[in-house]
Number of protein chains: 2
Amino acid sequence: MSELIDHTLRAGWTPSGAAAAPLSTRALRWLRDRIGTPEETTPAVPASLLDVPESALAEQARADLAGAVGDQHVLTAVAARLGRAGGLSYSDLIRRRDGGDFAVPDAVVLPADADEVQRVVDLCVQHDLAVVPFGGGTSVVGGVSALRGDKSAVIALDLTRLNRMLSVDPVSRIAVLEAGVRAPEAEALLAGHGLTLGHFPQSYERATIGGFAATRSAGQASSGYGRFESMVDGVRLATPVGDWKLGVAPASAAGPDLRQLAVGSEGALGVITEVALRVRPAPTAHRYEAWVLDGWQAGAEAVRALAQHRALADVTRLSDVDETEVQFELSGALKARALQTFLRGKGIIEPCLLILGWEAQSSGELKRRRAATLRGLDGVRAVRLGRKVGESWRTHRFAGPRQRDTLLDLGICVETLETAAHWSKLGDLRTAVRSAVVRAIGADRKAPIVMCHISHAYETGASLYFTVLASRDPEDPLGQWQRAKAAASEAIAEHGTITHHHAVGTDHLPWLTGEIGAIGISVLAAAKRAVDPTGILNPGKLIPDARQG
Amino acid sequence: MSELIDHTLRAGWTPSGAAAAPLSTRALRWLRDRIGTPEETTPAVPASLLDVPESALAEQARADLAGAVGDQHVLTAVAARLGRAGGLSYSDLIRRRDGGDFAVPDAVVLPADADEVQRVVDLCVQHDLAVVPFGGGTSVVGGVSALRGDKSAVIALDLTRLNRMLSVDPVSRIAVLEAGVRAPEAEALLAGHGLTLGHFPQSYERATIGGFAATRSAGQASSGYGRFESMVDGVRLATPVGDWKLGVAPASAAGPDLRQLAVGSEGALGVITEVALRVRPAPTAHRYEAWVLDGWQAGAEAVRALAQHRALADVTRLSDVDETEVQFELSGALKARALQTFLRGKGIIEPCLLILGWEAQSSGELKRRRAATLRGLDGVRAVRLGRKVGESWRTHRFAGPRQRDTLLDLGICVETLETAAHWSKLGDLRTAVRSAVVRAIGADRKAPIVMCHISHAYETGASLYFTVLASRDPEDPLGQWQRAKAAASEAIAEHGTITHHHAVGTDHLPWLTGEIGAIGISVLAAAKRAVDPTGILNPGKLIPDARQG
């Protein structure tokens, strides 16, 4: 597995040998009509042409690390280091495809368990090495960039050998998983006990339990199973000041909930090594179906009603008109023109696709929960498209990253960004982000597609997830996106959170102070100094340099 | 209102002039048979006989504080200071009733709003005064004891003038309340908008929004409305380094959730001045009913099934056999003997009372939710006692503290303690706490009653709430309880959290390191140094002296 990852993370998501997600000629023509024809395709430069610096890891440090984890688990070969050279944001991929400027770790260290991770961390303190915890490598915010801060060398601490389930308590419904367990592996391990975690983010195929915890991940079924932080019952971290375990009860008033400090700590307050997770019986029945509502505002109101009646389907996902159009045009699941005519006949002028999915322990429970959801939609103008479209969404729900690879090859600028806000601000927020991105990108080319969906709804508000498709600026592809991202982030900071489930990393750092205040930053910096006095842990991410804090 | 509180908090809960909760002669006889006859009654010593030290507040500090909040809002009279001399634990009350050794603040300062609180905090930094934030004063863990730490004087920062609702967003269902709003006032303010908070802890009549947030409170309807921390959407604190606002969205991945650091901070990381709360439509229908299950283990299993099927009633409260007996004997609502015979006839050998309460927006919703709960009880041996007992529980649900006053007068040692643990550990935990308390108290007198209930259930575990009734040791009433509490706490620390909803204060501090680790303590201490560099905020509570951290 780790070999596979080594070779494939550089250029994109799709594992070598795995099926690509090609666009049909028709879909491609439609897309080019909308955003303009990209001027050049951009296949990835072969790795052999990249100028990767020699490893700066000192021989003694290498020897000590090899002593801790075994010689074969300290990798300094170029392929291994390139495979952990940052995450999977558009900017990461552009840099690595074009052979641009990006940081490469000096070594990849693969410990076997929590104790070995602690030993590696201790050695990194001793040798003053920066440590970037590395799980699935799917960060889209620079969270796993191999920054060395003020250290002479940086290691990627690859956690994928921590791939076991350590215990299951079926009575309390808690499973303890090691941090490097990937989501599909977690589901397979739990399935052996008739259990599920129910965490299905788009990064599902690659991302790990530790990464979910470190970044406050939210899966597509978060309405049913909760955000990842709500699943975390306990957590264990390897820190420069020692092993740290948290979580002894389902709820507590023993001071602040420090689990919620560990969750979201992005490798800057410790390396998460084990997570105790609330699990549920694996569903025995499911049903996914598609509806079309009329217009974004009515659709958002309908989702709000479901959330506030606590009648959300486990998966509740509302696309705006633009995203609905793109889904119909690109998916090929339905004949887009015929569908539009059909919907107009039903009085739907601005079709907004709503995917509803329920997972249940019995058909009776499924029926009752579905009925509750549909009662919540009473009085909403809605046309049912049925199960075929719903199940098609379910089948392809992890295909997005592969499709992005295809679009990258075609010379398209494709990236996502996301936020959450209170219901009363959601409409303005969406409008503001769309205009900001269109203005930033559209100056001297065709307007980009800026499409949006709600995929996580709460009683007090919801997330907004934007996908941007634009004709790439071949002269300055990074600058093109960075300007759009900055403009969007300014708009977001006005109305909501800078990130609902992508985390801070490097990319959102400039907006964190606005969100948690200078006092919040100083509290994070103080916590970091307490657990990481020499600042070896994931420098440059989440927390500004602690010694300046 | 504040005058009332001044005069009444010293000796007990019951406001002067309010109805006491007398025990019937029969009930009293039963109780004395069970735990032995107390050797002396202990009416409170008149306040005039207490030896209250002069205020140590320097004249300049007093003048500056008066400049900030108005002369009439800086109180140094004995009655005002006595009224904020600690909380309402058994030990607090014994000390104040007997005229024992307890700390009295040097002044009571009553700011009008968040800005005035900030000014008071700034002045306390300037004059190096300890600050004890004081809301309802209902802490049962020493959380509002007037400890001065290394400062020359300590003020009680009384927040009850911060009693407004600052805004309501009915679309997002968020209300911003000032910290000093008492729970009944909050409900009244929200009722004007057709809304409710749904937070009904036993301290309801006195306790405040700020106090709930500071201590991670959990109300009796937590199964339906959630723990208080789950209601907190945003929070504002006055800290020695400035005003700090948190919370911009319903959920976020922008690093650790610092709201969950503020919630539970017990006045040690800032004075909570405003809280943005998730609210819900006020229920238009409710139904409370009582059931009797057979035996603690079967009862706990039934509650676990409800929690894990997510079919809990909003109020779900299971008493063990001892608590059930006490409730039947003391309440007078049912004829205890006749009931026992009736239950035996139904095959119930060890009656465990189960209170179920639903609150809903419509009778249809109520019916559906009740049906779901009752489906979850399928196959459990259960006898329905009906709505009368359920409604009687609801009517008297805040009477516990008043009843305790009566028992205190009678010379009875009466106190509660609580914890939470995972389901698989709950049985052992209950047994261990019971034996620990019985052993500690029962050496040279009749065995105490140690009764228990589950009132907060989660998918992975539940709370256990113990009430202890014993014949008081007149020679050493404090020592008697402190030994029992220490023994119980040791047992608790083995299996679960040292506190599920009473907070840490001074009383649980010895066990906090065991729960969050020395690293957890150092993180809290570091956070405190960041926001309270000179250590003025609530010294001696929650966080060991930060300068030693």
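What counts and what doesn't
Residues numbered from 1 in each chain as written. Chains lettered and ligands numbered in written order. Predicted model: local features only at pLDDT ≥ 70, side-chain atom pairs only at ≥ 80, totals over all residues. Heavy atoms only, no water. Domains from an automatic or database assignment. Contact = heavy atoms within 4.5 Å. Buried area = accessible area lost by both parts, 1.4 Å probe. Salt bridge = Lys/Arg side-chain N within 4 Å of Asp/Glu carboxyl O. Core = buried A, V, L, I, M, F, W, Y, C linked by side-chain atoms within 4.5 Å. Buried < 20%, exposed > 50% of the residue type's maximum accessible area, 1.4 Å probe, protein only. Helix = DSSP H or I, 4+ residues; strand = E, 2+ residues; numbered from the N terminus. Least-squares fit on C-alpha atoms with pLDDT ≥ 70 in both. Nonpolar A, V, L, I, M, F, W, Y, C, P; charged D, E, K, R; others polar. Polar contact = N/O pair within 3.5 Å; in protein donor to acceptor, adjacent residues only side chain to side chain. UniProt positions renumbered as here; feature names shortened; annotations may be inferred. pLDDT = per-residue confidence, 0-100. Pairing = 2+ DSSP bridges. Axes fitted to C-alpha atoms, helices over the stretch in contact; angles between N-to-C directions. Parallel < 35°, antiparallel > 145°, perpendicular 65-115°, else oblique. Left-handed = near helix turned anticlockwise from the far one by under 90°.

Enquirer: Before we go on, may I ask you to explain the domain arrangement of chain A in this structure?
Expert: One frequently used descriptor of interface size is the decrease in accessible area upon assembly of the parts. Residue and element names in this part refer to chain A. For chain A, the assigned domains read domain 1 (2–25 + 51–158), domain 2 (165–281), domain 3 (285–397), domain 4 (401–495) and domain 5 (509–548). One C-alpha centre belongs to domain 3, the other to domain 4; they are set 23 Å apart. Each side of the interface is counted separately: domain 3 has 16 residues, and domain 4 has 15 residues. When domain 3 packs against domain 4, close to 1500 Å² is buried across both sides, 60% of that on carbon and sulfur atoms. Taken together, the connections running from domain 3 to domain 4 amount to three salt bridges.

Enquirer: Can you help me understand the nonpolar core in this one?
Expert: Grouped burial of nonpolar side chains is what soluble globular proteins tend to show. Counting 270 residues, the largest nonpolar core has Ile209(A), Ile454(A), Ile209(B) and Ile454(B) as the members making the most contacts within it. For this core, the element with the highest residue contribution is helix H20 (residues 509–531) of chain A, accounting for 13 residues. Not counting residues within four places of it along the chain, the set of residues in contact with Ile454(A) comprises Trp296(A), Ala300(A), Val303(A), Thr316(A), Arg317(A), Leu318(A), Trp423(A), Leu426(A), Ala462(A), Ser463(A) and Leu464(A).

Enquirer: Would you explain the relation of the copies chain B and chain A in this entry?
Expert: Between the two copies of this chain, the relationship is a rotation about some axis together with a displacement along it. Between chain B and chain A, which share one sequence, the superposing operator has a rotation angle of 180° and an axial displacement of 0.0 Å; the RMSD is 0.0 Å. Taken together, the rotation and translation relating the two chain copies correspond to the operation of a two-fold axis. Residue Ala526(B) of chain B places its C-alpha closer to the rotation axis than any other residue of that unit, at 2.7 Å. Of the interface residues in chain B, 99% have counterparts in chain A that sit at the interface too, so the contact is made through matching surfaces.

Enquirer: Would you mind showing me how to read the interface of chain B and chain A here?
Expert: Each partner contributes residues to the interface: chain B has 77 residues there, and chain A has 76 residues. Interface of chain B and chain A: buried area, both sides summed, is about 5700 Å²; carbon and sulfur atoms make up 62% of it. For the pair chain B and chain A, the number of links is four salt bridges. Glu459(B) serves as the salt-bridge partner of Arg278(A), at 3.7 Å between the closest nitrogen and oxygen. The greatest single-element share of the side of chain B that touches chain A, amounting to twelve residues, is contributed by helix H20 (residues 509–531) of chain B. Per-class residue counts for the side of chain B that touches chain A are 35 nonpolar, 24 polar and 18 charged.

Enquirer: I'm lost on the side chain of Gln118(B) in this one. Help?
Expert: Residue and element names in this part refer to chain B. Considering the arrangement of structural elements, one finds Gln-118 in helix H6 (residues 114–127). Overall, the relative accessible area of 11% leaves Gln-118 in the buried class. From its side chain, Gln-118 meets the backbone nitrogen of Asp-243 in a polar contact 3.2 Å long. In this view, Gln-118 contacts Leu-237, Ala-238, Thr-239, Gly-242 and Asp-243; residues no more than four positions away in its chain are not counted.

Enquirer: Teacher, can you tell me more about unusual backbone geometry here?
Expert: Of all residues except glycine, most have a negative phi; of all peptide bonds, most are trans. All names here are of chain A. Of note, the phi angle at Arg-216 is positive, near 55°, even though the residue is not glycine. Turning to its location among the elements, Arg-216 is positioned in the loop between helix H8 (209–215) and helix H9 (222–225). Backbone geometry places Leu-542, a non-glycine residue, at a positive phi of 60°. Relative to the assigned elements, Leu-542 resides in the segment after H20. The class for Leu-542 is buried, based on a relative accessible area of 0%.

Enquirer: Just checking my understanding: could you explain the UniProt feature "domain: FAD-binding PCMH-type" (unreviewed entry) in chain A for this structure?
Expert: Here, UniProt's "domain: FAD-binding PCMH-type" (unreviewed entry) annotation points to residues 101–282 of chain A. This span, residues 101–282 of chain A, is 23% helix and 26% strand, and a straight line between its end C-alpha atoms measures 45 Å.

Enquirer: Please clarify how helix H5 (residues 90–98) of chain A should be interpreted in this entry.
Expert: What sets the pattern is the α-helix's 3.6 residues per turn: residues three or four places apart point alike. Residues and elements named next belong to chain A. Across the nine residues of H5, seven count as buried, placing the element largely inside the fold. Of all the positions in H5, only Tyr-90, Ser-91, Asp-92, Leu-93, Ile-94, Arg-96 and Arg-97 are classed as buried. Looking at the buried residues of H5, the elements they touch are helix H17 (400–409), strand E16 (412–422) and helix H19 (477–495). Downstream of H5 by a residue or two, Gly-99 has a phi angle that is positive, lying close to 70°.

Enquirer: I keep staring at the confidence of the model for chain A and nothing clicks. Help me out?
Expert: Caution applies to low-pLDDT regions: their predicted coordinates should not be interpreted in detail. Per-residue pLDDT for chain A averages 93, and the proportion of residues at 70 or more is 95%. We note a pTM of 0.96 for the whole complex and an ipTM of 0.96 for its interfaces.

Enquirer: Just checking my understanding: could you explain the sheet that holds strand E15 (residues 382–386) of chain A for this structure?
Expert: Residues and elements named next belong to chain A. In spatial order, the strands read E15-E12-E14-E13-E17-E18-E16; together these seven strands make up an open sheet with antiparallel pairing. In the strand order of this sheet, the two ends are held by E15 and E16, each with one partner. Put simply, the sheet's adjacent strands are angled 20° from each other on average, direction ignored. As judged from the four bridges shared by strand E12 (residues 285–294) and E15, these two strands associate in the antiparallel manner. Among the inter-strand pairings, Leu-293 is bridged to a residue of E15, identified as Ala-382. Sheet strands touched by helix H12 (residues 296–308): E12, strand E13 (315–319), strand E14 (351–360), strand E17 (449–454) and strand E18 (461–471). Its angle to E13, the strand with the most contacts, is close to 165°. Each of E12, E13, E14 and E15 is contacted by helix H16 (residues 387–395), which is oriented at about 110° to E12, the strand it contacts most.

Enquirer: Can you walk me through the sheet that holds strand E4 (residues 154–158) of chain B in this structure?
Expert: Within a sheet, neighbouring strands are paired by backbone hydrogen bonds and run either parallel or antiparallel to one another. All names here are of chain B. Spatial strand order, E1-E2-E4-E3: four strands in an open sheet with mixed pairing. The open sheet is flanked by strand E1 (74–75) and strand E3 (130–134), the only strands paired with a single partner. With three bridges joining them, strand E2 (residues 107–109) and E4 adopt parallel strand pairing. Each residue of the ladder has a partner; that of Val-108, found in E4, is Ala-156. Along the sheet, H6 makes contact with E2, E3 and E4, crossing E4 at roughly 175°.

Enquirer: Please clarify how the packing of helix H3 (residues 59–69) of chain B against H6(B) should be interpreted in this entry.
Expert: All names here are of chain B. Direction vectors running N to C along H3 and H6 enclose 165°, while the axes themselves pass 9 Å from each other. Compared by their axis directions, H3 and H6 come out roughly antiparallel. By crossing handedness, the relation of H3 to H6 is classed as right-handed. Taken together, the residues of H6 that come into contact with H3 (itself represented by Gln-60, Ala-61, Asp-64, Leu-65, Ala-68 and Val-69) are Glu-116, Arg-119, Val-120, Leu-123, Gln-126 and His-127. When the residues that make up the contact of H3 with H6 are grouped by side-chain class, the tally is six nonpolar, three polar and three charged.

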